[in-house]
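Structural features, examined
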Amino acid sequence: EAKEHGRNGFAFFKPGNDLKNSQRLQVENELRMALERNEFVVYYQPRIDIETRIIIGVEALVRWNHPERGLIQPNDFIPQAEESGLIVPIGNWVLQTAVRQGKKWCEQLVPIKMSVNLSPLQFKQLDIIKWVSETLEDENFEPSLLNLEITESMAMNVEYSNKVLEGLKEIGVKISMDDFGTGYSSLGSLRKMPIDYLKIDRSFIHNIDNSPEDVAIVKAIISMAQSLQLQVIAEGVEKEEQLLLLQRLQCDEMQGYLVSPPIPAKDMEKMLSHNPF
Ligand code: C2E
Ligand code: MG
Ligand code: MG
Ligand code: MG
């Protein structure tokens, strides 16, 4: 291997797999150390009831507080965490942290729902149901207030995913389909899935105040969800006009910068005590 690279190593470094592999190893090591050093942080974004404008829940979103590079967003490390398998311990840490925080808020302030994202690899773990139920028990958190978010691609193997989802429902947890509309699942396939919430991807929302086509799509999604008795959450609401439109379309909940980006637990706590916004 060293020979291939020539005498002065990097000068002959092939920009192919070798470089990628060494970078991959480095990122993997960094992620492992980050876990040990407790460098991950959970931010929270409010979930708003569109009718009352009250915060009825939050979504837990992980960040990496890197000692040199500062706050790193999930899109810049979740893929590597997924690839290396480290998303499993990271995701479990997020679940535990979020549920522990949720318990505090429920006791000190008001009962709120806690959404936590599941990664494809977490979802494939055979002990996922056991892990979730143990975490809920350990933290003494009301299962029906936990919403686990999956994506369409995770439900491609219908037999497996329905088995896991049924198991999660048996312990009382609610399931959300995240980023809906960006994957390949048909509207019909939703009917066969034991889910509770549909989150409309923000790509359908961000132009909704200017595009009759997008209004039509969102309207169709909402009416379909209603007939399947699913609650609908709109993601990425940034403008008041969008909120008003969604209200008219009888969307149930919203998340978005209009109310707040994801924020640290301390700031979320302040928002919760000034509810409604
Ligand atoms: P997601 O689960 O769909 O989360 C929503 C993303 O949209 C968040 O990005 C949030 O900050 C962003 N967002 C919310 N409102 C608005 C808005 O009004 N405008 C715009 N432009 N963006 C908005 P974030 O926090 O960077 O997370 C990105 C993705 O990373 C998440 O998408 C989720 O797929 C993944 N992720 C985050 N935390 C976790 C985690 O703990 N575990 C796993 N497996 N994935 C996570
Ligand atoms: Mg999500
Ligand atoms: Mg989403
Ligand atoms: Mg997503």
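Definitions and cut-offs
Residues numbered from 1 in each chain as written. Chains lettered and ligands numbered in written order. Predicted model: local features only at pLDDT ≥ 70, side-chain atom pairs only at ≥ 80, totals over all residues. Heavy atoms only, no water. Near = heavy atom within 4 Å. Polar contact = N/O pair within 3.5 Å; in protein donor to acceptor, adjacent residues only side chain to side chain. Areas by Shrake-Rupley, 256 points an atom, 1.4 Å probe, with all protein chains shown as cover. Helix = DSSP H or I, 4+ residues; strand = E, 2+ residues; numbered from the N terminus. Nonpolar A, V, L, I, M, F, W, Y, C, P; charged D, E, K, R; others polar. Buried < 20%, exposed > 50% of the residue type's maximum accessible area, 1.4 Å probe, protein only. Salt bridge = Lys/Arg side-chain N within 4 Å of Asp/Glu carboxyl O. Donors = N, O, S within 2.8 Å, 3.2 Å for Na, K, Ca; no water. Arc of directions from axis to C-beta. Contact = heavy atoms within 4.5 Å.

Looking at the site of ligand 1
In the vicinity of ligand 1 there are 24 residues, among which Arg63, Asn117, Asp178, Glu238 and Tyr257 approach most closely. Take Val62: an N or O atom from its main chain is 3.2 Å from a nitrogen atom of ligand 1. Here an oxygen atom of ligand 1 sits 2.8 Å away from a polar atom, N or O, in the side chain of Arg63. Alone, ligand 1 offers 800 Å² of accessible surface; in the complex the protein occludes 85% of this. Looking at the shell around ligand 1, the elements that each hand over two or more residues are strand E2 (55–66) and strand E6 (174–180). Here the shell around ligand 1 takes four residues from E2, the largest share from any one element. Residue classes in the shell around ligand 1 are distributed as nine nonpolar, seven polar and eight charged.

Examining unusual backbone geometry
In this structure, Asp179 takes a positive phi of about 55° despite not being glycine. Tracing the backbone shows Asp179 in strand E6. The class of Asp179 is partly exposed, set by a relative accessible area of 25%. Its identity is not glycine, yet Gln229 carries a phi of approximately 60°, on the positive side. Residue position: Gln229 is located in the loop between helix H9 (212–227) and strand E8 (231–234). When its relative accessible area of 73% is taken as the criterion, Gln229 is described as exposed.

Let's talk about the pattern of salt bridges
Tallying each qualifying case throughout the model produces 14 salt bridges. Arg32 is the salt-bridge partner of Glu28, the closest N and O atoms lying 3.6 Å from each other. On the criterion of helical spacing, the pair formed by Glu28 and Arg32 is a turn pair, its members being four residues apart in helix H1 (residues 17–36). Assessed through its relative accessible area of 36%, Arg32 is described here as partly exposed. With a shortest N-O distance of 2.6 Å, Glu149 and Lys199 are connected by a salt bridge. Of this pair, Glu149 sits in strand E5 (residues 146–151) while Lys199 sits in strand E7 (residues 197–200), placing them 50 residues apart in sequence.

What about the coordination of the magnesium ion (ligand 2)?
In this structure, Glu59 (OE), Asn117 (OD1), Glu149 (OE) and Asp178 (OD) serve as the protein donors to the magnesium ion (ligand 2), at separations of 1.9 to 2.2 Å. Mapping the donors of the magnesium ion (ligand 2) onto the primary sequence yields the spacing E-x57-N-x31-E-x28-D. The metal-metal distance between the magnesium ion (ligand 2) and the magnesium ion (ligand 3) comes to 4.1 Å, with Asp178 coordinating both. Taken together, the positions of Asn117 in strand E4 (residues 113–117) and Glu149 in strand E5 put the pair 32 residues apart, joining distant regions of the chain.

Thoughts on helix H10 (residues 240–248)
The set of residues buried in H10 consists of Gln242, Leu243, Leu245 and Leu246. Around the axis of H10, the buried residues are gathered within 160° of arc, so they sit on the same side. Against helix H8 (202–205), H9, E8 and strand E9 (253–254) lie the buried residues of H10. Gln250 sits one or two residues past H10 and shows a positive phi near 65°.

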